[in-house]
Structures are given as structure tokens and as C-alpha cells.
Amino acid sequence: MQTETPRPAAERRRVPRLVGLPVVGLAALAVVVLATRPLGGGEPRPSFFIIGSAAPGVQIGQIAPGTAESGTGSLPLTDPDGVPVRLAAFDGHPIWLVFWKTACAPCEAEAPAVAAAYEAHRGGGLMLLGIDVWDSSAAVREYAREHGLPYPIAVDTSSSSMGAYGVWGAPTHYFIGPDGIIRDRYFGPMTADLIQGSLLTIIPPANP
């Protein structure tokens, strides 16, 4: 009785060509996106909340969109009550932007560390603006009330800030110096130590 010769393991695991090509294409895109990010900017964490397709954004060393120095006009942001929010109004201050959404678990996980860092440095002039990039004003207003967020919140209903900063997942952090220059950025939830390290790029250390 003739028995069938087992196929090599590598052959048994072979991916069909029509499935393999898109996977290879996505992998190549990911390599390009990651390779073009500046060192020290951080990479997406495993719990990064994906909102859209990866897209290039502004980088460390560039003028931050929406600031007084950008010369491109203000981004159309409002607070949850519909009052316009202008990033240029923070001119001359170190600015920390946190892009987030209400249903983002990693955003909620980092929220205590974000709030604590803001409370620790707001007396020194730090301006923190949380920009919701997905939800309605009513949803953001309720979320901010329930969680007692101690910093200003803006709602990006037009997705203009997402496009300007290349935001494709939440949370995304940008750290902008008083001169309007992006000094650091981070993709994914941050710990207290990571936050402190990034804040030192825009806030000089306190004198001993």
C-alpha cells in the first residue's frame, strides 16, 4: 500500500499569491512610513488606536501648523461649546498637543499621567490642548465632564488638524517650543517618564 509523502512544512504554510501580495505591499508601506520618521519621535505602541491610513505628517524641527509662526492661518477648531480655539493664542508658550478620541482605550489609560504632568508644569507656562479627532461636540463635552479633564479641549469636526499633523491614530502627541517649532512627537500612549522626557525638549529644567 502506497502512502502519501508528507509535504515540507514550508510548502504547507505557503501563502497564496493573491493574499501574499497585499500583505507584502502593506509591509513595504509600513517600512517607508517608519523609516521616514525622525529619531526620538517614538513609534506606535501595540495599543495604538488606528483611525485611518498611515500618512506623512509634520516632523521634528518644522513649524507647527496653526501657530502664530506658521503663517498658514488658524486651524478651524472649537471647544465643545462651539467657541473657536486658536493655537496661535498660545504664542510664546511651550505647547503640548494630544490628539485623542473618546472610545480610545490607550488614550484613557494615559490620561492620569497626562493630567498630572500638566498640573505639574502649567505654572511654568505650559499650554496643553487635547484635540478630539473623531467625536461630536456633545460626546466630547460629556466625556470631559465625566473624567474631569483639567486642560482645554478642542474638537476637530473638519479633520483639518488631523491632515495638518498627519494624525492617523490615537493618542498622538506633539511637543512645540515657544518659538512654534516642533521639538518632539510621540505615537501611542505615554508613561509619566516618557512625558517628562518630551516636556524637557520644550521646557527648560527647573533650577536646583
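Each remark here, short or long, concerns the structure printed above.
Because the structure is predicted, anything quoted here is derived from the model rather than measured.

### Considering the pairing of strand E5 (residues 127-132)
With five of six residues buried, E5 is to be regarded as a mostly interior element. Handedness of the crossover joining strand E4 (residues 95-100) and E5 through helix H3 (residues 105-121) is recorded here as right-handed. Relative to strand E6 (residues 153-155), E5 runs parallel, the two sharing three bridges. Across the sheet, the residue bridging to Asp-132 is Val-155, located in E6. Traced from E5 through helix H4 (residues 137-147) to E6, the parallel crossover comes out right-handed.

### Quick look at H4
Buried within H4 are the following residues: Val-140, Tyr-143 and Ala-144. Across the axial projection of H4, the buried residues extend over an arc of 95 degrees, all falling on one side. Projecting away from the buried face of H4 at angles above 90 degrees are the exposed residues Arg-145 and Glu-146. Of the surrounding elements, those touching the buried residues of H4 are E4, H3, E5 and E6.

Criteria and cut-off values
- Residues numbered from 1 in each chain as written.
- Predicted model: local features only at pLDDT ≥ 70, side-chain atom pairs only at ≥ 80, totals over all residues.
- Heavy atoms only, no water.
- Buried < 20%, exposed > 50% of the residue type's maximum accessible area, 1.4 Å probe, protein only.
- Helix = DSSP H or I, 4+ residues; strand = E, 2+ residues; numbered from the N terminus.
- Right-handed = clockwise from strand over helix to strand, strands pointing away.
- Pairing = 2+ DSSP bridges.
- Arc of directions from axis to C-beta.
- Contact = heavy atoms within 4.5 Å.

Note that every value here comes from positions in space, so none of it alone points to a role or purpose.
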